[in-house]
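This is what each chain is made of:
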Amino acid sequence: MIKNVGIVGAGQMGCGIAQVSAVSGYKVHIYDISADRIEAGLATINGNLARQVSSGKMTDEERKKALSLIKGSADLNDLSPMDLVIEAATEDETVKRKIYGQVCPVLKADAILATNTSSLSITRLASATDRPERFMGIHFMNPVPVMKLVELVRGIATEEGTFSSAKQFVTALDKTITVAEDFPAFIVNRILLPMINEAIYTLYEGVGSVEAIDTAMKLGANHPMGPLQLADFIGLDTCLSIMQVLHDGLADSKYRPCPLLVKYVEAGWLGRKSGRGFYDYRGEVPVPTR
Ligand code: CAA
């Protein structure tokens, strides 16, 4: 029975997962190496909940209750009472492997370790843990509080008990589950990221401007955000990592990351989180950067 949920990584995904877990009554502990990032994350969660109170979707009592269930620290040992730990660190296999090496010795023997990876092999990541049978993918979408879907992915060794506990947990968060097999980028990103990469090629080849491409897909295909706006929202570093995983894992040139995407990442223009990507977010309104 999952009661205590640990989150590794106080980024936008980790904090989103913490928020929805606490709102559903779970006790949550966020771990991050940066105390500042935890503080900023908790402030974002508070802001999101306050917005729900002002729009009448939540009472102030509920907001306070949810906030009281979330703690954070830069001390790994605080994860020891957790029944489920969800790693939501950066999309980098070396970083994730290092985290598992540090987290596993702290965890209870029967604790479940899950990853929010958006593309990496669950089976391969599991091999870097001491518990491949209690390891799996629980992949939330961004923004976590708004998006209804969660992808569940078993590794080769994931036990049925682990899968059913994860399913129960995600269902309690009022999310809809889809089950994906353990292949590069699973379902959503296998389909979504090549579309975004193609939008970047469309820009790179001069077929349209940033504005033209986003307007085309918003009004011509009824997407809530244009693909370049969405790329900035996801983070261009994450978009590039996912394309590289698809390219390497499926060995098909159709997944070749657009050189313009590589250039933006090399410039440190990572989208909204760094203030600049296909749009510049430093002023009042986002301005296209080409
Ligand atoms: N965090 C929390 N809540 C947010 C939010 C955020 N970052 N952004 C918006 N919201 C909430 C708002 O508070 C609002 O809530 P209420 O209805 O309760 O007031 C609601 O979302 C709608 O917001 P807005 O009216 O301001 O904005 P919108 O109608 O333009 O919708 C959006 C915003 C939901 C983000 C919409 O643009 C959208 O659906 N975009 C596409 C998102 C998407 O495709 N996500 C998947 C990315 S891929 C992924 O995540 C997988 C991966 O591994 C990379």
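In what follows, the structure referred to is the one given above.
Here the structure is a predicted model, which is why all the values come from computation and not from measurement. (Residues numbered from 1 in each chain as written. Predicted model: local features only at pLDDT ≥ 70, side-chain atom pairs only at ≥ 80, totals over all residues. Heavy atoms only, no water.)

A short note on the packing of helix H10 (residues 236-250) against helix H11 (residues 259-267)
At their nearest, the axes of H10 and H11 sit 9 Å apart, and the two run at 135° to each other. The angle between H10 and H11 falls in the class oblique. Crossing angle aside, the handedness with which H10 passes H11 is left-handed. Between H10 and H11, the contacting residues are Leu236, Asp237, Cys239 and Leu240 on the first element and Leu261, Val262, Tyr264 and Val265 on the second. (Axes fitted to C-alpha atoms, helices over the stretch in contact; angles between N-to-C directions. Helix = DSSP H or I, 4+ residues; strand = E, 2+ residues; numbered from the N terminus. Parallel < 35°, antiparallel > 145°, perpendicular 65-115°, else oblique. Left-handed = near helix turned anticlockwise from the far one by under 90°. Contact = heavy atoms within 4.5 Å.)

Describing the packing of aromatic side chains
A complete count under the given rule lists 6 aromatic pairs for this structure. An angle of 80° between the planes, with centres 5.6 Å apart, marks the rings of tyrosine 264 and tryptophan 269 as edge-to-face. Among the residues examined, tyrosine 264 registers a relative accessible area of 4% and is labelled buried. Accessibility expressed as a relative area gives 25% for tryptophan 269, which makes it partly exposed. For the ring pair tyrosine 279 and tyrosine 281, a centre distance of 6.3 Å and an interplane angle of 50° mean the geometry is tilted. (Phe/Tyr/Trp six-rings, centres within 6.5 Å; stacked < 30°, edge-to-face > 60°. Buried < 20%, exposed > 50% of the residue type's maximum accessible area, 1.4 Å probe, protein only.)

Re the site of the ligand
Taken together, 17 residues form the shell around the ligand, and within it Lys57, Ser118, His139, Asn142 and Asn189 come nearest. Lysine 57 places a side-chain nitrogen or oxygen 2.7 Å from an oxygen atom of the ligand. For the ligand, an oxygen atom lies 2.7 Å from a polar atom in the side chain of histidine 139. Elements with a contribution of two residues or more to the shell around the ligand: helix H2 (35-54), helix H7 (188-204) and helix H9 (227-234). (Near = heavy atom within 4 Å. Polar contact = N/O pair within 3.5 Å; in protein donor to acceptor, adjacent residues only side chain to side chain.)

So yeah, pure geometry; function would need other evidence.
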